[in-house]
Structures are given as structure tokens and as C-alpha cells.
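The primary structure of each chain is shown beneath.
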Amino acid sequence: MRHLIDAKTITPEYAGRLIASAEDIINNPQDYTTKCKGKILATLFYEPSTRTRLSFESAMLRLGGSVLGFSSQDSSSAAKGESVADTLRVVSGYADIAVIRHHKEGAALVASLYSSIPIINAGDGGHQHPTQTLTDLLTIHSVHKKLDNLTIGLCGDLKFGRTVHSLIEAMSQYKNNKFVLVSPQELIIPDYLREKMLKNNVSFTETEDLKQSIKDMDILYMTRVQRERFFNEEDYVRLKDTYILDKQKLSNAKENLAVMHPLPRLNEISTEIDSDPRAVYFRQAHYGRFIRMALIMDLLEEVK
Ligand code: NCD
């Protein structure tokens, strides 16, 4: 049985297949309305979510399937102290596929070890968020018509931002991609990721200067400072508004830059940017449903 736990398993070949499937869904939605008829998706969300949970639920409903689940730790038996392992043993009997979001790194992996149905990681603490990466890849592909030979700026909380970690894992597998990592010193990428990039000869630079480095970028992936992962509020307050992308900073960027953000946005992107054609973050959120439809079908082996 296949799961999606870690973005390192999103190879260019696998991503290409899912992107092609998502693009076909976008163009021919009527062909997919009964693909998962009779199947049930469980959404097990121990942490808050808007886009990820709702797009998964919408995806399954659009495929003719059904959904069940919980949207907070408090409304599940986790509040009574039940382990993820036991919950998954039980949910395996109620659904055909499950999506899990949890505050602990490794929770989705644990879930997959005790589950007899495919598990999708929808975010495990500050570690990974592979289905956001699939959404990101579909978006980048729609803008640049390729996923290689790109200069990818990642800006903000690169330490705790799980979407960043997963995007680096996947985009490093394509030829000639360069990463420009923009963050305050305290929020640089984790050591394991830097070591992996060095070992694999992935090209990257680390800087604190967005204004200067934006010039070279084909993609600028802004992120929220992850308040819920901080040990103290003072550090969060000091760092949260380090980078605010506004018209003035964007004036230094390329004409075909794609400004992305996994959302939710706080202050990191000024709303004056929303109407700029380079702002693709709302399209990115919409694409989440299509790629998740492709993923659900693939893991349930319903792909034509
Ligand atoms: C992200 C997450 O949960 O990691 N949100 C999302 O799924 N689109 C980003 C964030 O919360 O900052």
C-alpha cells in the first residue's frame, strides 16, 4: 500500500504524472464525478486548517466519494489521551483513505505504520507538508511551464515552515534549480536540510536581504512566521514582520515572477500586491483541490 508522508518521494516522474492528471481534471471535470463513488476519505485534523482540509473534502466530494472526520484535537478522542496509532487502527475500519495533520513531527509516519489504508500527511509539526508542495508544483508549472532551471526565493520562517522544507525536497530533484533562502538568522533552514542540499550539490544562497535578492527570482515563496512553533511570544513578536512584500520591493522583480504563499497570510504580503498579475497565491489555493483529486485517485489506484 502506498502513502504520501514525505516530499522526498515526490520525484519529478511522480509529480509529472499527478500534474498531468490534475490538468486533465481542470479541463474535463465532468469525466471525474464518479471516480471515487462508494469510497470514504477520513480527515483527521489535530491542528487548525482551512485550505488543506476543505480542499481535501471538496476533492473527495467532487470525485463522487464521501468524507468523515474531525477538525480539532478537542473533538476527537485525542482529548482523552488516545494515541495516533490506536486512532488509525480504528479509522482504517471506517474509511478507505485518510489525511492527517498533527502538531508532532513524524505523526503521519506513525499513522502509516498502524494503518491498513493509505495515509496522506497534511502537515506534521514543523517538518513536512507534501500535499502543499504538490499544489505548489502545479502552480509553478502553470506559470513557468517547467519545473527546472528556476531561481526560487523562499522568504520568512524557513526554520519552522513545513511547506518550505517540502518544497525544497521536491524542487531539488529537478535540474539546475537555484534556491535563494531569505530569512533572519534565527529562522534559517534546519541543519539536516542544509546538509542534504550540500551533499546533493543543490545550488543555494542564504541572505537576510529581500530587496536585493528579489531581482534574480523566478518564484518568490513568502511564508508566515509560525507563531505556534515558538517557545516564547517575545521572539515571535520581534520576528513576525521582518519581511513585508509591498509594491516598492516588487518593483525590483522580474516581469514574470510568481509570488506564492501557502496561506494564511498575515502581514508578509501587503494587500496592495493582490491585484498585481504576478500574485498567484489565490490561484495556488484553488489548485489545491485539483491536485488532491489526482492524489486521492492515484493512492486509491483509480487513475485511468
Ligand atoms: C500552511 C501550513 O499549515 O503549514 N498552511 C497551509 O496548509 N496552506 C502554512 C501556514 O500555516 O503558515
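Model, not experiment: these values are computed from the prediction.

What follows deals with the overall build of the protein chain. Summing up its helical and strand segments, the protein chain has 11 helices and nine strands in all. In terms of overall dimensions, the protein chain is globule-like: its C-alpha atoms have a radius of gyration of 19 Å, near the 19 Å expected for 304 residues. For the C-alpha atoms alone, the extent of the protein chain along its principal axes is close to 55 × 45 × 40 Å. Expressed as a percentage of the 304 residues in the protein chain, the buried residues total 55%. Pairs at least 24 apart in sequence give 74% of the contacts found in the protein chain among residues at least 6 apart.

What follows covers the domain arrangement of the protein chain. Under the domain assignment, the protein chain is made up of domain 1 (7-129 + 288-300) and domain 2 (130-284). Put simply, the middle of domain 1 and the middle of domain 2, counted by C-alpha atoms, are 24 Å apart. The interface is formed by 30 residues belonging to domain 1 together with 27 residues belonging to domain 2. Interface of domain 1 and domain 2: buried area, both sides summed, is about 2,300 Å²; carbon and sulfur atoms make up 59% of it.

For helix H5 (residues 130-144), built from 15 residues, the straight-helix expectation of 21 Å at 1.5 Å per residue is met to within 8% by its first-to-last C-alpha distance of 21 Å. Just beyond H5, the residue with positive phi is Lys145, at close to 60 degrees.

Before going further, it helps to spend a moment on the site of the ligand. Around the ligand, a shell composed of Thr52, Arg101, His129, Gln132, Arg162, Thr163, Arg224, Gln226, Pro262, Leu263 and Pro264 is seen. His129 places a side-chain nitrogen or oxygen 2.8 Å from an oxygen atom of the ligand. Note that a nitrogen atom of the ligand is positioned 2.9 Å from one of the backbone N or O atoms of Pro262. When isolated, the ligand has an accessible area of 320 Å², and the protein chains bury 94% of it.

Rules used in this analysis
- Residues numbered from 1 in each chain as written.
- Predicted model: local features only at pLDDT ≥ 70, side-chain atom pairs only at ≥ 80, totals over all residues.
- Heavy atoms only, no water.
- Helix = DSSP H or I, 4+ residues; strand = E, 2+ residues; numbered from the N terminus.
- Rg over C-alpha atoms; globule rule 2.2 N^0.38 Å.
- Buried < 20%, exposed > 50% of the residue type's maximum accessible area, 1.4 Å probe, protein only.
- Contact = heavy atoms within 4.5 Å.
- Domains from an automatic or database assignment.
- Buried area = accessible area lost by both parts, 1.4 Å probe.
- Expected span 1.5 Å × (residues − 1).
- Near = heavy atom within 4 Å.
- Polar contact = N/O pair within 3.5 Å; in protein donor to acceptor, adjacent residues only side chain to side chain.
- Areas by Shrake-Rupley, 256 points an atom, 1.4 Å probe, with all protein chains shown as cover.

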